[in-house]
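The chain contents come next:
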Amino acid sequence: AAHAQTPPPPTIQPMNGAPEIRDGEQRFKVRGRLQYDVYSNEWDAGVDSPLVSPSVDAEDGSRSYVRRAFLGVQGRFSDNWRYKVDFVLNPGASGDDATTGDAAVAVDDAYLEYAGDFFSVVIGENNVTAPLEDRTSSLDIPFLERSSIINAYGYGRAAGVAGLVTGANWMAAIGVYGDSLNNSDSNFANSEQTSISGRFTWAPIFETSPDGVTLLHLGVSARQRYNGDDALFRYRPRPLNGRGSRWVESSSGSATQDDLSYGFEVAGQWNAFGFTGEYITLEGETPAGVQVESDGYYVDLTWSLTGEARSYRGNQGSFGPVVPHNPVTEGGWGHWGLIARYDFIDLSDIDAGTARGEQTAYAFGVNWVPIDHVRFMLNYASTEMDRVVNTFPVAPGISAPDAEADVISLRTQFDF
Amino acid sequence: AAHAQTPPPPTIQPMNGAPEIRDGEQRFKVRGRLQYDVYSNEWDAGVDSPLVSPSVDAEDGSRSYVRRAFLGVQGRFSDNWRYKVDFVLNPGASGDDATTGDAAVAVDDAYLEYAGDFFSVVIGENNVTAPLEDRTSSLDIPFLERSSIINAYGYGRAAGVAGLVTGANWMAAIGVYGDSLNNSDSNFANSEQTSISGRFTWAPIFETSPDGVTLLHLGVSARQRYNGDDALFRYRPRPLNGRGSRWVESSSGSATQDDLSYGFEVAGQWNAFGFTGEYITLEGETPAGVQVESDGYYVDLTWSLTGEARSYRGNQGSFGPVVPHNPVTEGGWGHWGLIARYDFIDLSDIDAGTARGEQTAYAFGVNWVPIDHVRFMLNYASTEMDRVVNTFPVAPGISAPDAEADVISLRTQFDF
Amino acid sequence: AAHAQTPPPPTIQPMNGAPEIRDGEQRFKVRGRLQYDVYSNEWDAGVDSPLVSPSVDAEDGSRSYVRRAFLGVQGRFSDNWRYKVDFVLNPGASGDDATTGDAAVAVDDAYLEYAGDFFSVVIGENNVTAPLEDRTSSLDIPFLERSSIINAYGYGRAAGVAGLVTGANWMAAIGVYGDSLNNSDSNFANSEQTSISGRFTWAPIFETSPDGVTLLHLGVSARQRYNGDDALFRYRPRPLNGRGSRWVESSSGSATQDDLSYGFEVAGQWNAFGFTGEYITLEGETPAGVQVESDGYYVDLTWSLTGEARSYRGNQGSFGPVVPHNPVTEGGWGHWGLIARYDFIDLSDIDAGTARGEQTAYAFGVNWVPIDHVRFMLNYASTEMDRVVNTFPVAPGISAPDAEADVISLRTQFDF
């Protein structure tokens, strides 16, 4: 009688990108994405003098490149035992420079997970304790690049162990991490950086209906980092582009060996209208014992011309894709969205570095999602990068240490 | 009644390499290839004098390496919205040197496509306007390496937007391109190279029957390049091998900042017999304003001992694989083919470079395809590399600037 | 009537990791693995003097890294024509340094195979003639790292052609190889290294029952290498860790241009208890004509607390995974195993190098396999690294040339 009981054969789920194959509790799916960017940069240092560092005036140009190309898999050995590995394959890497992120091969998520109904343990490269914008996939963030605070304060994935407890509209996570698996491990005589971090999110309002979403999201996060024998921590935002120079920064002399940061999140959605705001404050200490401080924030406004709301994952505290109501394949316009951002970071109180200062940016964007998994993005960002210290011997009245950057970017993106 | 209409489940197409899964209009397929080459090189500079640069006499050796290893995917989100990404994974990369093509990670095709019945728009890395031999997959070219004109004039993929209109036996394409996504983007202050290109092909004779193919293919292409702030264009053929030194070349002093090239194609197939010829002429200008000129051509003859014709894609103007009539798995011999090539490039009128000259090559090959997707290739190429300027103070009557290369190569190839 | 015969549609095999799709004789399966290691190193040079090279005392630290991340495919074009490609994607590569194995992209197996019932021909990167521990997958070796003799004598994969004949409990293989496809091929003027190797294994006792396995495995192997124009061969074991410094080694002055090694294998399994021992002896010659000698061995003892035997592949002469009888998903404990190793290599008779000496290691481990395809490993290894020559002018009676290393490692591993 036992052998009369044949398990049902494996099946292929209805396709949404790449097909997922299931067999009992087991699952397997290939994953990937491509982001192809074209952008034009124009920097203005407020003076056209040969005395001004050429790195300012010279940052004018147009380039195209792969911002992200991923190939990976996701699967389950059972309902509880799950895994995900996304390889970052960078065709334009200028070297295997892990410190700049410009390596030929890296990983995004790369973890084993033991998941129950309301909890989860994640082992490997992950970012489950990172702030809202970092937790939202690069496929779904409204602008091409994340905000200055997310980039400058070094959020992103690292390798470690994290535990989560989750509900339909809340989550709490705590993690202990080493450095990222993408960091070069050439020196095995040194201990690597470590961090402890946590995040709690709660959506006191979260209602979905066929017509839209009503949402209020609140979140807090904290992270304590220690550099170990690895490089000191530096804080260096770009003018809302993905590559190139950084005008305002904590110089190497004001880099810290440990830092503690707190993040505060608020986001809302009322059908076609949405907003997101995050504020992060950071304190660190240099090897010389000097205390440094920095903080910053951003505010996003999003308006879906075609009416779709951003999707929200209550048990992750993050946003998902905007799926068009009427894709072009069904005679519609797809999703069209307008977005605006105000972005600010204060790196003035970063010890005595000559490049310390403030950066303020305004950004606007148009997003078109003709069909789920395909997105075109057009961004314009105007950034003021104001240094505190005038290091150039230019004429009086000319604010040489202040620079301005105008960046126009166009992204073609698809994922599967 | 609406919910009574269950969509049919996804299906797996009959396998031809890797399986393709379909769900309504959606499709997904993993792709890949491996080309494992063993080759022996013997260079002869016509003189065994220590006065002759050692790079000539020394290019004697035998090596094995991966010529190409790809892993990628191809799919459709709908009939119209399609994508393809082939990652080039190079296990023997000597560095992430994108300028020499010897990077650990690169992309081959990497694009999003909107395809109608008779037209198509391609966004991303592609080569839809490239000449015949470049448009034919590296899996299907008759020799291990493409001709001198295709390699020296810098054809191949780049990132941009291209539009195509196609019929059963013709195609017309035009594209606007930046540089390749594989080029290193370390300097974001410089504008990258750009190009405009187009191609038109027509097969006035194109008949297929169970016994074979009768084909006459005609094609023209044109390309205008401008280097922007990127490196100048150099023209450097190899002696029909895939790696190593180049004896005849435009030196860096005769590199151009823009060039314009025209290509002319003719190819035919009469069942087991085929030929292909391409002629390309190029004019460029150096930064000093000097006009440089180059042209070249090749002629291929192919004879299928086992009778199969090359397959031809009328709407792409390119050749596909030779599929054996009687694979060894059905008791046959597979496909056996003999091929011969005459290859010539004139780089004499390239300004004043000391390495300018002519290169003439004869190549012969035997191809065995025991079963579709597996191919063994044996090539012999004899190349004369004749420089114009004698830069070596050798004895009178000894043509030191002329070198000869004999290359024997064996490729084992499979794809899925 | 012929067209009435419709071939059956492709099917998906019951999943065991990633799904395998079959269509008649054709097969296709995606493959991959991730090994995420955390380890702590403590070296002790027996003296805390500044006169001792800092590379000894300084090798103290804790790091995490990806030991192996693979993504590949495996398939068949027919029963006989098969292929396998496993790409090694290294997110923490410190450079594309193929000579140290620290490249961003490499291949593990990468071959085409023609397989009959009792024989096989393999073309491409493979290790079918390598000794027992090298033939056993990195997923299934009992410790995190292979033994000193396997690593120091340069076993592993290379590209070439190998032929095998096999029975249910024996195999004989011979291969002719060039260098590995992962070796950098920047210098095409030099001939690469070559080798001839063979292996024969026989299991005079090999009985499997539902309760366990009774096994006696015997094996011999031999390899003759010649370096060609490539780098000379050096012999450098690590203290049973995967990265970092090597204290005992043949210095570059005692590197050889050819060597000949013989390996002897014996292994057994009696249900939950197993052992493995290998002895290898090597003779080589330096360019100066000096004969050098080395040998070494290891002995492993394995005890499965939960009763499972190691699986054995009689026709490959290698061990496979330990599959838990009672995985945690069915309420069991999974597989728990205890392992112990004694490891020795004698590099004293390696010409006149100042770093020559002996290395002796004891290692202990606990392995937990909660469910097939997931494995956690905890290793402790204590290694004595005793140089023959005292090169440090330290105080009398202090054995400065001797160092000790304690390594604790934790691996999280999954594969599909």
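Residues numbered from 1 in each chain as written. Chains lettered and ligands numbered in written order. Predicted model: local features only at pLDDT ≥ 70, side-chain atom pairs only at ≥ 80, totals over all residues. Heavy atoms only, no water.

## So, the overall build of chain A
Logical step 1: Along its length, chain A carries three helices and 20 strands.
Logical step 2: In chain A, which comprises 416 residues, the share counted as buried stands at 59%.
Logical step 3: Long-range contacts, defined as pairs at least 24 residues apart, comprise 63% of the intrachain contacts of chain A with a sequence gap of at least 6.
Logical step 4: When the accessible surface of chain A is summed, it comes to about 15800 Å², and 55% of that surface belongs to carbon and sulfur atoms. (Helix = DSSP H or I, 4+ residues; strand = E, 2+ residues; numbered from the N terminus. Buried < 20%, exposed > 50% of the residue type's maximum accessible area, 1.4 Å probe, protein only. Contact = heavy atoms within 4.5 Å. Areas by Shrake-Rupley, 256 points an atom, 1.4 Å probe, with all protein chains shown as cover.)

## Quick look at the interface of chain B and chain C
Logical step 1: Contacts between chain B and chain C engage 51 residues on the former and 43 residues on the latter.
Logical step 2: On the chain B side of the interface with chain C, the three residues burying the most area are Met15, Arg63 and Pro91 of chain B, jointly 21% of the side's total.
Logical step 3: Its salt-bridge partner being aspartate 179 of chain C, residue arginine 63 of chain B comes within 3.6 Å of it at the nearest N-O pair.
Logical step 4: Seen at the junction of chain B and chain C, the total is eight residue pairs in polar contact (both at pLDDT 80 or more).
Logical step 5: Breaking the side of chain B that touches chain C down by element, the ones donating at least two residues are strand 3 (26-44), strand 4 (61-76), strand 18 (357-371), strand 19 (374-387) and strand 20 (402-415) of chain B.
Logical step 6: Tallied by class, residues from the side of chain B that touches chain C come to 29 nonpolar, 15 polar and seven charged. (Buried area = accessible area lost by both parts, 1.4 Å probe. Salt bridge = Lys/Arg side-chain N within 4 Å of Asp/Glu carboxyl O. Polar contact = N/O pair within 3.5 Å; in protein donor to acceptor, adjacent residues only side chain to side chain. Nonpolar A, V, L, I, M, F, W, Y, C, P; charged D, E, K, R; others polar.)

## Concerning the relation of the copies chain A and chain C
Logical step 1: Superposition record for chain A on chain C: RMSD 0.0 Å, screw rotation 120°, translation along axis 0.0 Å. This pairing of chains is accounted for by a three-fold axis.
Logical step 2: Counting the interface residues of chain A, we find that no more than 16% of their copies in chain C are interface residues as well, pointing to two distinct contact surfaces. (Least-squares fit on C-alpha atoms with pLDDT ≥ 70 in both.)

## Quick word on the pattern of salt bridges
Residue and element names in this part refer to chain A.
Logical step 1: As enumerated under the stated definition, the model contains 48 salt bridges over all chains in all.
Logical step 2: Its salt-bridge partner being glutamate 20, residue arginine 22 comes within 2.6 Å of it at the nearest N-O pair.
Logical step 3: In this structure arginine 22 comes out as partly exposed when scored by relative accessible area, which is 25%.
Logical step 4: One salt-bridge network, held together by shared partners, links Asp37, Arg67, Glu145 and Arg411.

## Here we look at the relation of the copies chain B and chain C
Logical step 1: Here chain B sits on chain C after a turn of 120° about the axis and a move of 0.0 Å along it, with an RMSD of 0.0 Å.
Logical step 2: With a heterologous cut-off of 20% or less, the 14% of interface residues of chain B that recur at the interface of chain C puts this contact in the heterologous class.

## Comments concerning the packing of aromatic side chains
Residues and elements named next belong to chain A.
Logical step 1: Applying the stated criterion across every chain yields a total of 60 aromatic pairs over all chains.
Logical step 2: Measuring from centroid to centroid gives 6.4 Å for tryptophan 270 and phenylalanine 273, while their planes differ by 20°, and the two rings are stacked.
Logical step 3: On the basis of relative accessible area, tryptophan 270 is assigned to the exposed category, the value being 56%.
Logical step 4: Owing to a relative accessible area of 42%, phenylalanine 273 belongs among the partly exposed residues under this scheme.
Logical step 5: A centroid spacing of 5.4 Å and a plane angle of 25° characterise the contact between tryptophan 368 and phenylalanine 376, whose relative ring orientation is stacked.
Logical step 6: Among the residues examined, phenylalanine 376 registers a relative accessible area of 14% and is labelled buried. (Phe/Tyr/Trp six-rings, centres within 6.5 Å; stacked < 30°, edge-to-face > 60°.)

## Let's talk about the interface of chain A and chain C
Logical step 1: Of the residues lining the interface, 43 residues belong to chain A; the matching set on chain C comes to 51 residues.
Logical step 2: Where chain A touches chain C, the interface holds two salt bridges.
Logical step 3: Residues aspartate 230 of chain A and arginine 63 of chain C are paired through a salt bridge, measuring 3.2 Å at the closest nitrogen-oxygen approach.
Logical step 4: At the junction of chain A and chain C, the tally comes to eight residue pairs in polar contact (both at pLDDT 80 or more).
Logical step 5: Breaking the side of chain A that touches chain C down by element, the ones donating at least two residues are strand 2 (20-23), strand 3 (26-44), strand 4 (61-76), strand 5 (81-89), strand 6 (105-115), strand 7 (119-126) and strand 8 (158-166) of chain A.
Logical step 6: Among the residues forming the side of chain A that touches chain C, the class breakdown is 24 nonpolar, 11 polar and eight charged.

## Focus on the environment of threonine 354 of chain C
Logical step 1: Position of threonine 354 of chain C relative to the elements: it lies in the loop between strand 17 (335-347) and strand 18 (357-371).
Logical step 2: For the pair threonine 354 of chain C and proline 142 of chain C, spaced 212 residues apart in the sequence, the C-alpha separation amounts to 33 Å.

## Some thoughts on unusual backbone geometry
Logical step 1: For asparagine 271 of chain B, which is not a glycine, the phi torsion comes out positive at approximately 55°.
Logical step 2: For asparagine 271 of chain B, the position within the fold is in the loop between strand 12 (258-270) and strand 13 (273-285).
Logical step 3: A positive phi angle is found at leucine 240 of chain C, which is not glycine, with a value near 60°.
Logical step 4: Residue position: leucine 240 of chain C is located in the loop between strand 11 (212-226) and strand 12 (258-270).

## Points about the side chain of serine 254 of chain C
Residues and elements named next belong to chain C.
Logical step 1: Considering the arrangement of structural elements, one finds serine 254 in the loop between strand 11 and strand 12.
Logical step 2: According to the relative accessible area criterion, serine 254 is buried, its value standing at 0%.
Logical step 3: When residues no more than four places from it in sequence are discounted, the contact partners of serine 254 are Thr286, Val292, Ile350, Asp351 and Gly353.

## As for a negative patch on the surface
All names here are of chain A.
Logical step 1: A cluster of acidic residues, Glu42, Asp44, Asp60, Glu384 and Glu404, forms a negative patch at the surface.
Logical step 2: For glutamate 384, the location among the structural elements is in strand 19 (residues 374-387).
Logical step 3: On the accessibility criterion, glutamate 384 (35% relative accessible area) is partly exposed. (Patch = residues over 30% accessible without salt bridge, like charges linked within 9 Å, V, L, I, M, F, W, Y side chains within 5 Å. Lys, Arg positive; Asp, Glu negative; His and termini not counted. Charge placed at Lys NZ, Arg CZ, Asp CG, Glu CD.)

## Thoughts on the environment of tryptophan 270 of chain C
All names here are of chain C.
Logical step 1: When you line up the elements, tryptophan 270 lands in strand 12.
Logical step 2: Spatially, the C-alpha atom of tryptophan 270 lies 28 Å from that of serine 409, the residues being 139 residues apart in sequence.
Logical step 3: Setting aside chain neighbours within four positions, we find tryptophan 270 in contact with Val213 and Thr214.

## Focus: the pairing of strand 18 of chain B
Residues and elements named next belong to chain B.
Logical step 1: The sheet contact formed by strand 17 (residues 335-347) and strand 18 spans 13 bridges and is antiparallel. Residue pairing for strand 18: phenylalanine 344 is matched across the bridge by threonine 360.
Logical step 2: Relative to strand 19, strand 18 runs antiparallel, the two being bridged by 13 bridges. Across the sheet, the residue bridging to glutamine 359 is methionine 385, located in strand 19.
Logical step 3: Hairpin geometry of strand 18 and strand 19 is characterised by an intervening segment of two residues between the two adjacent antiparallel strands and by a positive phi of about 85° at histidine 373. (Pairing = 2+ DSSP bridges.)

## Looking at the side chain of arginine 67 of chain A
All names here are of chain A.
Logical step 1: Residue placement: arginine 67 occurs in strand 4.
Logical step 2: For arginine 67, a relative accessible area of 18% corresponds to the buried category.
Logical step 3: In terms of polar contacts, arginine 67 uses its side chain to reach the side chain of glutamate 145, at 2.8 Å.

## Focus on the pairing of strand 17 of chain B
Logical step 1: Both strand 14 (residues 291-304) of chain B and strand 17 of chain B contribute to a ladder of 10 bridges, which runs antiparallel. The partner of threonine 302 of chain B across the bridge, within strand 17 of chain B, is isoleucine 339 of chain B.

## Focus on the confidence of the model for chain A
Logical step 1: Residue-level pLDDT values for chain A average 91, and 91% of them are 70 or greater.
Logical step 2: Overall fold confidence (pTM) sits at 0.95, and the ipTM for the predicted complex is 0.95. (pLDDT = per-residue confidence, 0-100.)

## Thoughts on the environment of proline 370 of chain B
Logical step 1: Relative to the assigned elements, proline 370 of chain B resides in strand 18.
Logical step 2: The residues touching proline 370 of chain B, leaving out its near neighbours within four places in the chain, are Pro327, Val328, Gly334 and Phe376 of chain B together with Trp81 of chain C.

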